[in-house]
Amino acid sequence: MKHLVTILLLAINLPLAFAETAENAGPARGRAIYQDGRRPDGSGLRARRADLPDMTGTAAACAQCHRRSGLGDQEGRLRVPPITAASLFAPGRAMAVGRAASGIGVAGTRTETRPAYTADSFARALRSGTDPAGRALAPWMPRYDLDDAAVADLLAWLQQIGPVGGASLRGLVDGTLHLATIVTPDAPAARRGAVETTLAAWARQQTFGEVRVALHVWRLTGEPAGWSAQLQHKLAAQPVYAVVSGAGAAQWAPVEAFCEAASLPCVFPLIDGAPASAPAAARHHALYLSEGLVAEARVAARAVAALAAAPARLRVWFDSDLGRDAAQAFQALLGQAGPDVQLRDLRTQPVAMDQALAAPDDLVLAWLAAPQVRALLAPTADARQADTLPAVWLSAQLAPPETLDLAPAWRARVRWASLRATPERFRAAAVTGLQPWLRTLGMDPLQATPLQGEVYAAAYFFTDALQRSRGAWSVEHLLERLEAGVNNRAAAGAYLRLSLGQGQRVAAQVGQIQGWAPPDYRTLVPLSPVLNANR
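The following refers to the structure shown. Computed from a predicted model, the values in this text were never measured in an experiment.

1. Structural notes on empty space enclosed by the protein
By rolling a water-sized probe across the atoms, one finds the places where empty space is left. Under the defined criterion, the tally for this structure stands at three cavities of 30 Å³ or more. As a volume, the largest cavity reaches approximately 50 Å³. Around the largest cavity, the lining residues are Pro 269, Ile 271, Gly 273, Tyr 288, Leu 289, Ser 290, Arg 420, Glu 454 and Tyr 495. Residue classes in the lining of the largest cavity are distributed as five nonpolar, two polar and two charged. The computed volume of the second largest cavity comes to approximately 40 Å³. Residue lining of the second largest cavity: Phe 426, Ala 429, Ala 430, Leu 434, Gly 453, Tyr 456, Ala 490, Ala 491, Gly 493 and Ala 494, and that is the complete set. Mapped onto the lining of the second largest cavity, the elements with two or more residues apiece are α16 (423-432) and α18 (450-468). Ranked by the residues each element gives to the lining of the second largest cavity, the list is headed by α16, at three residues.

Here's what the structure looks like:
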């Protein structure tokens, strides 16, 4: 036990030479125990509970419940307390339990009157499940078989996590919180304009208590291979706390790699979709509104699988790498049980547009942009009746309905796979969310657009998460509050639904098939239930 006490003291501000030794060894091993469930000898951590089978490895890691921040969590009436060193080595205090809406009393309280932990009592808590007063811990708290050295390593790590302040807090200087937004050179002008103007207006007015916001627009140039170096230079020149929103297109993987390497939260950029090239398991600091075309393709596949009568032929056409990825996701999800799927890359296998769309019992999924869709449908638009045309499903992201002035016959046959709300639903949601927000920013609320709605979602959920952090300023806690706070509130209005859970990094998880409603085919309405857009 002397070894345990010695290393604990080293972790709590003894002379610098000793602290550096602990920093190079103990905390790294403690982090492996805490986050990964890996013991110092490389074996998996084992957690024992009386009511459940033993857990090992990552499932047994402390961070599964106490979160990577060490600041705990809450789900309904179940509260997981913070276990940072600052929390453990201070007497317990009354904590609210339960989540209540405004004006409704807290569902319940639990008063923790325990004495402060010591190194010895912390080790006992881990091994036998008793607090410093000798009382049994909650039954969902596992018991661990850790020797003194491993407990000391864990304590060394707990000393390093929790609320952040002073010089160690990147981006907060002299009462100013420095934030960035990133704009890539391939960003469409509409996205770039929505991000830069709307976010700048938000930053001018947003404060967090006495802390004001300074927004820095990081505009990238040249090819994607050079973006990482540009971003590293910008971060070194102006440290920021987080990246909020952003504007790009298909090439976002270098930005995500930078965010992860820099441990920099990058929250909800306006791009074509979460980078498919980046391994989702390695994604932690980058959060996205949607997976874009690939998610739409999954919605389309589930809708096709639910059709009462399978189409005679199912053809999927695309003319971009994004379209190819979506087509392959569609084919993979539909699987062997569905109709035969014919993929066609129009870059290498062009079609004669006046002969391409023939059979009325065919279904064509065209992952094409609006100009290509217009070229595809125009030759036969006026010469045929709706019942002689094939069904055509489009991507709402690539070819939004409002960008296509279709002939009446096609309006009855074209559908969209979409993650976003219909225009009518968006307008209704904007009345209570986006429009009042734009009004407070001094912008015209009557000109609200879905792109502004996506910027609103990024700014709203970031603000909400940071306010719920209650001054902790921990990046990990910010991410945890985003996981808990992103849900189907008014800020989600541009999408059918936005939600996150623990470890999730893509918020739009559902979609639907939409089309024009008869008899005039002028109002876009849902034509399917809400469908899962996940893998």
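Next comes the rest of the description.
2. As for the sheet that holds strand β1 (residues 46-49)
The strand order β2-β1-β7 describes an open sheet built from three strands, whose pairing is antiparallel. Each edge of the sheet is formed by a strand with only one pairing partner; in this case those strands are β2 (52-56) and β7 (143-144). By the bridge criterion, two bridges tie β1 to β7 in an arrangement that is antiparallel. When the sheet's bridge partners are listed, Arg 48 is paired in β7 with Arg 143.

3. Observations concerning the packing of aromatic side chains
Across all of its chains, the model carries eight aromatic pairs by this definition. A centroid spacing of 4.9 Å and a plane angle of 35° characterise the contact between Trp 437 and Tyr 456, whose relative ring orientation is tilted. A residue pair is termed long-range when its members are at least 10 positions apart, and Trp 437 in helix α17 (residues 434-440) and Tyr 456 in helix α18 qualify at 19 residues. As far as the burial class goes, Trp 437 and Tyr 456 line up, both buried. When the ring centre of Trp 516 is taken as reference, the NZ or CZ atom of Arg 411 above it lies at 4.5 Å.

4. Structural notes on unusual backbone geometry
Cis rather than trans, the peptide bond between Pro 518 and Pro 519 has omega equal to 10°. Its location among the elements puts Pro 519 in the loop between β20 (510-516) and β21 (524-526). Although it is not a glycine, Trp 473 adopts a positive phi angle of roughly 60°. Here Trp 473 is to be found in the loop between α18 and α19 (475-485). Overall, the relative accessible area of 14% leaves Trp 473 in the buried class. Unusually for a residue other than glycine, Tyr 521 sits at a positive phi of about 55°. With respect to the secondary-structure elements, Tyr 521 resides in the loop between β20 and β21. Taking relative accessible area as the criterion, Tyr 521 reaches 23% and is therefore assigned partly exposed.

About the criteria used
Each chain has its residues counted from 1, running along the sequence as written. Reporting of local features is limited, given that this is a predicted model, to residues whose pLDDT is at least 70; pairs of side-chain atoms are given and counted only at 80 or more, and all residues count toward the totals for whole chains, interfaces and linings. Hydrogen atoms and water are omitted, and side-chain values are computed over all heavy atoms in the structure. Whether a set of points on the 1 Å grid over the protein atoms alone is a cavity depends on a 1.4 Å probe fitting there but being unable to get out, while an open set qualifies as a pocket with protein on both sides within 12 Å along at least five of seven lines; lining residues are those with an atom within 4 Å of a point. Grid points are joined across faces, edges and corners, and a volume is the space filled by probe spheres set on the points. Residue polarity follows a fixed list, in which Ala, Val, Leu, Ile, Met, Phe, Trp, Tyr, Cys and Pro are nonpolar, Asp, Glu, Lys and Arg are charged, and the others, Gly among them, are polar. Under the scheme used here, helices are H or I runs from DSSP no shorter than 4 residues and strands are E runs no shorter than 2 residues, and both carry numbers assigned from the N terminus. Strands were regarded as paired on the criterion that DSSP finds at least two bridges between them. In this scheme Phe, Tyr and Trp rings, the latter by its six-membered ring, pair at centre separations within 6.5 Å, and the angle between planes marks the pair as stacked below 30 degrees, edge-to-face above 60, and tilted otherwise. Exposure categories follow from relative accessible area, calculated using a 1.4 Å probe and restricted to protein chains: below 20% of the type maximum is buried, above 50% is exposed, and the middle band is partly exposed. Lysine and arginine charges are scored as sitting over a ring when NZ or CZ, respectively, is within 6 Å of the ring centre and within 35 degrees of the ring normal.

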